[in-house]
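Topology and contacts: notes
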Amino acid sequence: MLQNLVDGILVGAILSLGAIGLTMVMHMLRFANFAHAELLSIGAYAALVFDALFGAMLPVLTVKLAPLSMTFALVLALILSMLTTGVSAVLIDRLVFRRVRAKGDDLSMVFASFGVALIVRAVIGLAFGIHTQLYTRDIVMAVVVSRDPLLILKPDQLFVVVAALAIMAVLHLVLSRTTFGFALRAVAENPSLAQVNGVDLGRMIMAVWLIGGALAAAAGVFYGLANQITPHMGRDLVLPIFAATIVGGIGSIHGALLGGFIVGIAANLALVILPSGYSPAVPFLIILAVLLLRPNGLFGEARA
Amino acid sequence: MIGLVSYLVFFTTVASILAIAVLGLNLQWGNTGLFNGGVVAFFGAGAYGTLLLGGTPQPDHLGGFGLVWPLALTGGMAAAAVLAWVVGVLTIRLRQDYLAIATFGVAIAFENVMRNAEALAGGAKGLRGFERPLMAWLGDGFTYNIFYLCVVLALLAATYAALARLVASPFGRLLRAIREDEVAARSLGKSPDRIRLTAFVAGSAIMGLAGGLYGTFYAFVSPQDITPTLTFQLWAMLIVGGAGNMRGAVAGTFLIWAAWTASGWALSRLAPVDWQLYTGQVQFIMIGAVIVGMLMWRPQGLVPERLVVSQSGRVAPQT
């Protein structure tokens, strides 16, 4: 039970990172982006490539940051991967979403995002193989924190939660303290009014994709660190991430943060009573429950 | 020669079944502007419902009520309709993202439950023990396949005719009015949410019909038949054919299904042995590219929707 709770917090931190980016995109561009979870895959695989690259170029970097299984190379790879994934998100928007936006309606965007997700997933599968990969093959010993109730933790897991919270704290400061943050929120609230006040809409859309992509990359790397990297991790995570945005209310950044943790914890606690085969269906049950009890989520507005 | 003909019969049967599902999708998306991200859940509900109701009793799972086939098929459609109603009633009054996410979720949950709940529907092994209708008279061979093709074609024609009448009726006009301008429709005293829900449930019941026919054709259904891939294929069919145009929808179905089977055959024949594992990925890229490409360059599809100007109570031309 305690173990499930702690595992849930770990999953929740990863989902929060994904959901914050997704809810920002959904709020600003007003479409449900089913390709968002593929940014997690892009991030995880980009970090895999950079990690191998750094390790080969500068073997000094492969020293482990004990007690973590992470190396210094992977930390650098994570930062570069966040940048790469942010740029990929901007590119996907330029190549596909902007053109579909110009021609079709919101519905076409949703369909297009599914198409993009299919292509990204299959290309990754072709390029890296459909088998699972790991950042390190070394065995990381888990620490038994307590025996009754049983609680086992890996140092990596603790790091993931702390790092995710740190990234979210930085984002919170940027959005609530800087002019840029105000401009971003203004565009999401009312694009025309923001433009009248001299906010460049195109640049703000780019910023949202950059931030969303970077957060997704971090989530992807953390997921890879805590579990494993597969081409279909995006497919497995898309529903929980959407559930997190719905729990928090579509468009609310703080809601997405909280929603991620709620979905992560609820999904893991559900495994106490449900056989584990049912875990992919749990996010849908959470969505149904939210729609029944509080259709606009914790912090959502009636209609955007 | 007979091999080719019997393959054509097989191909046409499956394509016609899928065309029925695409017509249901067209009612939701083309006519009403509703996003259905979980077509396969309603298709699957129809297939599982039909086979559970019409099958012979099984020792290890529920079902096998042995109902006559038309009744079982209707039951399958009802199962799809009920599932659609539950999702629709919760989401249709919210912004449309919610319907997209909830329908996507219901497909994942449905597949997941069917895969795990062995006592309900056989789990990953699938659902067996179904006697195809009139099998005792017609045997298992070519004659039966011809007969079943005729049944499917008749139902496709009936669905087409019914939907054509519906779309031309005042109700169809209302659907388009809501799709184009919800506020204007509301100002005329219409209730958009209720109409949308009706269209969503009706479209899903049609997908259930297609699922029931599919399950009957193979006398078997398993979680393998209801993966998200089918949803993407059905979308591609409608996007290529042209959302809002029924003739386009049927043409798109045959076109995409032919392209899908042909590419699958070609890949399995031509790809080197160590690449066989990856032919699926190539097909996914193709279907994704078709969806994205059509939306980018020809969002109206090959056969665009013909916009009708309603002329009720013809006014005499003014001179």
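Residues numbered from 1 in each chain as written. Chains lettered and ligands numbered in written order. Predicted model: local features only at pLDDT ≥ 70, side-chain atom pairs only at ≥ 80, totals over all residues. Heavy atoms only, no water.

**A look at the overall build of chain A**
The criterion, for reference: Counting from the N terminus, the helices are the DSSP runs of H or I reaching at least four residues and the strands are the DSSP runs of E reaching at least two. Computation of the radius of gyration draws on C-alpha atoms, with the globule rule given as 2.2 Å multiplied by the number of residues to the power 0.38. Think of it in three bands: with a 1.4 Å probe and only protein chains considered, a residue is buried below 20% of the maximum accessible area for its type, exposed above 50%, and partly exposed in between. Whether two residues are in contact is decided by their heavy atoms, any of which lying within 4.5 Å being enough. Here, Shrake-Rupley sampling with a 1.4 Å probe gives the accessible areas, and only protein chains in the shown set may cover a residue. In this charge count, Lys and Arg are treated as positive and Asp and Glu as negative; neither His nor the chain ends contribute. Just so you know, the charge point we use is NZ for Lys, CZ for Arg, CG for Asp and CD for Glu.
The number of helices and strands found in chain A is eleven helices and two strands. Secondary structure elements of chain A occur, N-terminal to C-terminal, as α-α-α-α-β-β-α-α-α-α-α-α-α. Scaling as 2.2 N^0.38, a compact globule of 304 residues should have a C-alpha radius of gyration of about 19 Å, and chain A matches this with 19 Å. For chain A, the C-alpha atoms occupy an extent of roughly 55 × 50 × 40 Å along the three principal directions. Within chain A, the fraction of its 304 residues that count as buried is 56%. Here the analysis covers contacts within chain A between residues at least 6 apart in sequence; of these, 76% occur between residues at least 24 apart. For chain A, the accessible area works out to roughly 12,900 Å², and carbon and sulfur atoms hold 69% of it. A gap of 5 Å separates the mean positions of the 17 positive and 13 negative side-chain charges of chain A.

**Structural notes on the side chain of B:Thr231**
All names here are of chain B. Mapped onto the elements of the fold, Thr 231 is located in helix H11 (residues 228–241). According to the relative accessible area criterion, Thr 231 is buried, its value standing at 2%. In contact with Thr 231, not counting residues within four places along its chain, are Gly 37, Gly 38, Val 39 and Val 40.

**Here's the deal with unusual backbone geometry**
Of note in the backbone geometry, A:Arg30 takes a positive phi value of approximately 60° without being a glycine. Secondary-structure assignment places A:Arg30 in the loop between helix H1 (2–29) and helix H2 (36–57). A positive phi angle, near 50°, is found at B:Ala219, a position not held by glycine. Looking at the element boundaries, B:Ala219 is found in the loop between helix H10 (192–218) and H11.

**Quick notes on H11(B)**
Note the threshold: For a helix, the expected span equals 1.5 Å multiplied by the number of residues minus one.
A rise of 1.5 Å per residue sets the reference length of H11(B), with its 14 residues, at 20 Å; its end C-alpha atoms lie 20 Å apart and thus fit the reference within 8%. Taking burial as the measure, the 14 residues of H11(B) include 13 buried ones, the bulk of the element.

**Details of the interface of chain A and chain B**
Applied cut-off: Joining two parts hides part of their accessible area as seen by a 1.4 Å probe, and the buried area is that hidden amount summed over both. We define a salt bridge as a contact between a side-chain nitrogen of Lys or Arg and a carboxyl oxygen of Asp or Glu at a distance within 4 Å. Whenever a nitrogen or oxygen atom comes within 3.5 Å of another N or O atom, the pair is scored as a polar contact, on the condition that within protein one atom can donate a hydrogen and the other can accept it, and that pairs from neighbouring residues in sequence are kept only if both atoms are in side chains. Throughout this entry, Asp, Glu, Lys and Arg are counted as charged residues, while Ala, Val, Leu, Ile, Met, Phe, Trp, Tyr, Cys and Pro are counted as nonpolar. The remaining residues, Gly among them, count as polar.
With 46 residues of chain A at the interface, the matching set in chain B holds 43 residues. Of the roughly 4,300 Å² buried between chain A and chain B on both sides combined, carbon and sulfur atoms contribute 76%. At the junction of chain A and chain B, the tally comes to zero salt bridges. Where chain A meets chain B, there are five residue pairs in polar contact (both at pLDDT 80 or more). With 16 residues, helix H4 (residues 106–128) of chain A is the largest single contributor of residues to the side of chain A that touches chain B. Classifying every residue of the side of chain A that touches chain B by side-chain character gives 34 nonpolar, six polar and six charged.

**Re a nonpolar patch on the surface**
For clarity, the cut-off: Patch membership requires over 30% relative accessible area and the absence of a salt bridge. Like charges are linked within 9 Å, and nonpolar side chains (Val, Leu, Ile, Met, Phe, Trp, Tyr) within 5 Å.
A contiguous nonpolar surface patch, about 510 Å² in accessible area, is contributed by A:Leu80, A:Leu83, A:Val87, A:Leu91, A:Leu95 and A:Leu210. Among the elements that make up the nonpolar patch, the one with the highest residue count is helix H3 (residues 72–103) of chain A (five residues).

**Considering the side chain of A:Ser81**
Residue and element names in this part refer to chain A. In this structure, Ser 81 sits in helix H3. On the accessibility criterion, Ser 81 (0% relative accessible area) is buried. When neighbours within four sequence positions are excluded, Ser 81 is seen to be in contact with Gly 43, Ala 46, Ala 47, Phe 50, Ala 217 and Val 221.

**With respect to the environment of B:Phe130**
All names here are of chain B. Relative to the helices and strands, Phe 130 is located in the loop between helix H5 (118–121) and helix H6 (135–138). In this structure Phe 130 comes out as buried when scored by relative accessible area, which is 9%. Sequence separation between Phe 130 and Leu 8 is 122 residues, and the spatial gap between their C-alpha atoms is 25 Å. Residues in contact with Phe 130, not counting those within four places in the same chain, are Thr 50, Leu 51, Gly 54, Gly 55, Trp 69, Thr 216 and Ala 219.

**Quick word on the pattern of salt bridges**
All names here are of chain B. Tallied over the entire structure, the rule returns nine salt bridges over all chains. Here Glu 111 makes a salt bridge to Arg 115, at a shortest N to O gap of 2.7 Å. Note that Glu 111 and Arg 115 are positioned in helix H4 (residues 96–116) at a spacing of four residues, about one turn of the helix. Accessibility expressed as a relative area gives 16% for Glu 111, which makes it buried. The partner of Arg 196 in a salt bridge is Asp 193, and the shortest N-O contact between them spans 3.5 Å. Pair noted here: Arg 196 and Asp 193 are both in helix H10, with a separation of three residues, about one helical turn. Classification of Arg 196 as buried rests on a relative accessible area of 12%. You can call Asp 193 partly exposed: its relative accessible area is 24%. What emerges from the salt-bridge pattern is a single network uniting Glu 182, Arg 186, Asp 193 and Arg 196.

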